[in-house]
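One letter stands for each residue in the lines below.
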Amino acid sequence: MKPRAAGRPATIDADSVARIAMDLFARQGYGKTSMADIAQAAGIGRKSLYRYFATKADLVWGGMEPALQASLRALGTGTTAAGSPARPGPPISVLADAVAAGAAALPHPDLARARLRLIAEHPELLSHSHEALGAQRREALAYLSAAGVPQGTAGYASAAFIAATFQAWLDWAAGTDADPAPYLRAAAEVLRIPAT
């Protein structure tokens, strides 16, 4: 087989790069590891790395797309032609089911655990949570609104749901249990939406 010419690889396996980065962070420390270090260890150019991850924080916070997409599919956001939510049921229970479905869809739970542990250890990474979890917060708000929850209450409830389940993810990551779903469901159980 003819060796590949030097230069930018055709594609980058983002999970493989993340694993390499997590290993470097564990050995050298997050603050002492540069994007250049990660690119060199992954055998790719810095420009290629920056095409996929603009910052180290993006690299750590990445990889949750499969979980988000599975959650959205399970949630079935939006309304039916009659104006009712696409997925009926007690709103917080429906959200809990959706986030548990997302957890089940994670292709690499061990990598998610490593990322979450790193996030928990570094305030500068924790500070990215509002932005990184924005899509989930918006989808929870859309679902609650479609379920007929008043806008103000839906906003508070979606923010509380995301904060509670994020803490559940961190609690799961700190331990050794294989399945994060019980943590996520326990977090959702503490939330209540007042009757309107």
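Thresholds, definitions, all that
- Residues numbered from 1 in each chain as written.
- Predicted model: local features only at pLDDT ≥ 70, side-chain atom pairs only at ≥ 80, totals over all residues.
- Heavy atoms only, no water.
- Salt bridge = Lys/Arg side-chain N within 4 Å of Asp/Glu carboxyl O.
- Helix = DSSP H or I, 4+ residues; strand = E, 2+ residues; numbered from the N terminus.
- Buried < 20%, exposed > 50% of the residue type's maximum accessible area, 1.4 Å probe, protein only.
- pLDDT = per-residue confidence, 0-100.
- Contact = heavy atoms within 4.5 Å.

Student: In this structure, what is going on with the pattern of salt bridges? I would like to understand it.
Tutor: Tallying each qualifying case throughout the model produces 3 salt bridges. Between Arg19 and Asp110 there is a salt bridge; the shortest N-O distance is 2.9 Å. Of the two residues, Arg19 sits in helix H1 (residues 14–28) while Asp110 sits in helix H7 (residues 109–121), which places them 91 residues apart along the sequence. Its relative accessible area of 46% is what places Asp110 among the partly exposed residues. Residue Asp97 is joined to Arg185 by a salt bridge in which the shortest nitrogen-to-oxygen separation is 2.7 Å.

Student: Would you mind showing me how to read the confidence of the model for the protein here?
Tutor: Scored by pLDDT, the protein has a mean of 86; 88% of the residues are at 70 or more. Least confident of the elements in the protein is helix H5 (residues 65–75), whose mean pLDDT is 83; most confident is helix H2 (residues 35–42), at 96. Low pLDDT (under 50) marks residues 78–83, which in the prediction has 11 contacts with non-local residues, meaning those over four places away or in another chain.

Student: Explanation requested: the environment of Asp37 in the structure shown.
Tutor: Positionally, Asp37 belongs in helix H2. Owing to a relative accessible area of 26%, Asp37 belongs among the partly exposed residues under this scheme. Considering only alpha carbons, one finds Asp37 and Ala21, 16 residues apart in sequence, at a separation of 8.6 Å. If near-sequence neighbours (up to four positions away) are discounted, Asp37 is found in contact with Leu24, Gln28 and Lys32.

Student: What exactly am I supposed to notice about the side chain of Ser158 here?
Tutor: With respect to the helices and strands, Ser158 occurs in helix H11 (residues 151–174). On the accessibility criterion, Ser158 (2% relative accessible area) is buried. Among all residues touching Ser158, those that are not within four sequence positions of it are Arg137, Ala140, Leu141 and Leu144.

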